[in-house]
Amino acid sequence: MLTQEIIRRKRDGQTLDRKMLDLVMGGIADGSIGDAQIGAFAMAVYLNGMNRDEAVALTESIRDSGQVMRWDDLAFDGPVLDKHSTGGVGDLVSLVLGPWVAACGGHVPMVSGRGLGHTGGTLDKLESIPGYDVTPSDAVFRRLVKEVGVAIIGQTGSLAPADKRLYGVRDVTATVESIPLIVASILGKKLACGLETLVMDVKVGSGAFMPTPEASRELAEAIVAIGCGAGTRTSVLLTDMNQPLADCAGNSLEVFEALRLLGGHGKESRLHQVTRSLAREMLIQSGLASDAGDADKRLDRALDSGEALERFSRMVQGLGGPGDLAERAGHYLPTAPVTLDLEADRTGFLRAIDTRALGLGVVELGGGRRNAGDAIDHRVGLSHIAPLGQHLEPGQPLLRIHAADRADADAVSQRLRHAFDLGDAPVEPPPLVHATLR
Ligand code: URA
């Protein structure tokens with residue numbers, strides 16, 4: 001069937017089957033379909049949507065457009081599972097959760113991304129660690145997943161190649177905001193990693209990818225239906241992003257924080273609680289734990305025994321980083337030369353944070369990219385970010401800026417002043433987990 005006939009069907013509101021979608025995704029992956037047809041296809045889907053069966057077929061076509069990892073030949077015990085997030089600010093869950101779940105008996109082949117817009121990227125954070133290689137050979141990746149239980153790396157060219165081109169065209173044809181296209185894009189890549197179980201963290205709030213809580217919920221429901229339809233046990237936690245998850249944001253700063261959590265500190269923090277909730281769901285869904293109580297016991301043991309930190313250290317060393325990172329983090333992780341506190345200028349309760357603005361502040365400091373391919377300054381970012389509900393007096397810090405120079409710190413300080421809204425009445429912070437969908 002001609003590509004233009006498939007596009008015509010979708011344009012006219014008809015449904016597409018797996019064979020048609022394989023033709024389009026295959027042509028996108030091998031280059032035989034040009035950008036004009038990709039754009040027209042994306043716009044037809046954007047305008048007319050897809051039913052569940054079509055979206056499952058699209059996800060499977062994207063998944064199968066390149067290499068699909070298999071793990072059955074490696075003969076290890078334990079499930080292959082992963083977590084993926086729609087992205088946030090101060091969201092370093094992956095750095096902690098991967099090794100933590102590995103220490104509980106899981107195998108986590110985590111293929112992660114770079115910062116996108118205002119959100120940080122796991123790969124950028126890991127590259128704060130000297131020597132850490134996010135593009136190891138297939139053999140190294142597989143060995144680490146088998147022996148250490150976790151490896152966090154970047155996307156290879158052979159994994160879901162149709163998505164890379166399709167996403168690039170969507171980005172410039174105003175077709176990103178389509179639920180079936182988003183879900184097929186996210187799940188197509190994730191399911192190509194050969195997962196039995198996937199837990200998605202869909203963010204809700206002022207720093208979330210989706211613009212409203214309703215849209216986050218709609219995305220979450222679609223992810224569960226389409227992930228399960230494509231044969232991977234998939235659940236979603238809707239978690240709060242009305243404030244940064246950690247009290248810091250920025251690449252090196254977040255690796256410091258990950259080491260602190262893996263060392264068993266900060267158990268009362270929002271970051272720990274959300275990471276634990278996601279890890280608990282992974283253990284239950286994969287059969288590593290029988291229920292929430294059993295999962296918590298296993299998670300406590302893995303953290304308190306030092307096993308989770310040990311897995312992180314072995315992963316770092318296996319990917320070219322220093323074996324003693326945990327003991328000498330201050331020696332290896334870069335720090336910014338200038339710090340500046342942004343202080344409250346009135347008394348009040350912190351009632352809202354423009355989380356997106358904080359994420360963009362990190363980008364402006366050089367901790368994210370203005371243009372694809374820009375170099376990143378791993379040292380810069382924000383710390384000591386005041387939490388929602390906190391009572392502040394004039395002169396108390398709203399956050400601390402870590403910058404390459406004083407001019408950058410001053411500029412970002414001016415802009416971020418407006419990201420904090422203080423009121424007179426006490427404020428109840430939002431729940432950390434808004435809902436769990438299975
Ligand atoms: N992230 C993805 O990988 N794909 C999308 O379409 C949106 C966010």
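Residues numbered from 1 in each chain as written. Predicted model: local features only at pLDDT ≥ 70, side-chain atom pairs only at ≥ 80, totals over all residues.

## Observations concerning the overall build of the protein chain
What the protein chain contains, in helices and strands, is 17 helices and 12 strands. Radius of gyration (C-alpha) of the protein chain: 22 Å, near the 22 Å computed for a compact globule of 438 residues. Projected onto the principal axes, the alpha-carbon positions of the protein chain cover approximately 70 × 45 × 40 Å. (Helix = DSSP H or I, 4+ residues; strand = E, 2+ residues; numbered from the N terminus. Rg over C-alpha atoms; globule rule 2.2 N^0.38 Å.)

## A few points about helix 9 (residues 179–191)
Since one α-helical turn is 3.6 residues long, residues separated by three or four positions face the same way. In this model, helix 9 (13 residues) spans 17 Å end to end at C-alpha, consistent with the 18 Å of a helix rising 1.5 Å per residue. In terms of residue burial, helix 9 counts as a mostly covered element, since 12 of its 13 residues are buried. (Expected span 1.5 Å × (residues − 1). Buried ≥ 20, exposed ≤ 12 C-beta atoms within 10 Å, placed from the backbone.)

## So, the sheet that holds strand 6 (residues 338–343)
The strand order across the open sheet built from three strands is 6-10-8, with neighbouring strands paired in antiparallel fashion. What marks the edges here is a single partner per strand, and that holds for strand 6 and strand 8 (381–383). Pairs of neighbouring strands in the sheet enclose a mean axial angle of 30°, with direction left out of account. In this sheet, strand 10 (residues 397–403) lies alongside strand 6 in antiparallel orientation, the contact comprising six bridges. Opposite valine 338, over in strand 10, you have alanine 403 as the bridge partner. (Pairing = 2+ DSSP bridges. Axes fitted to C-alpha atoms, helices over the stretch in contact; angles between N-to-C directions.)

## Quick word on the sheet that holds strand 4 (residues 197–204)
Taken together, four strands build an open sheet; the order of strands is 1-4-5-12 and the sheet is mixed. At either end of the open sheet lies a strand with only one pairing partner, and these are strand 1 (81–85) and strand 12 (433–437). Geometrically, the sheet is characterised by an average inter-axis angle of 15° between neighbouring strands, direction not taken into account. Here eight bridges tie strand 4 to strand 5 (residues 233–240), and the two strands are oriented parallel to one another. Bridge assignment links methionine 200 to a residue of strand 5, and that residue is valine 236. Along the sheet, helix 10 (residues 213–229) makes contact with strand 4, strand 5 and strand 12, crossing strand 5 at roughly 165°. (Contact = placed C-beta atoms within 7 Å.)

## Examining the site of the ligand
Around the ligand, the structure places Tyr167, Val176, Leu181, Ile182, Ser185 and Ile186. If you tally residues by element for the shell around the ligand, the top one is helix 9, at four residues. Considering only residue class, the shell around the ligand consists of five nonpolar, one polar and no charged. (Near = placed C-beta within 6 Å. Nonpolar A, V, L, I, M, F, W, Y, C, P; charged D, E, K, R; others polar.)

## Concerning the domain arrangement of the protein chain
Domains assigned within the protein chain are domain 1 (3–49), domain 2 (72–318) and domain 3 (334–423). Averaged C-alpha coordinates put domain 2 and domain 3 at centres separated by 25 Å. Across the side of domain 2 that touches domain 3, the residue classes tally to six nonpolar, 13 polar and three charged. (Domains from an automatic or database assignment.)

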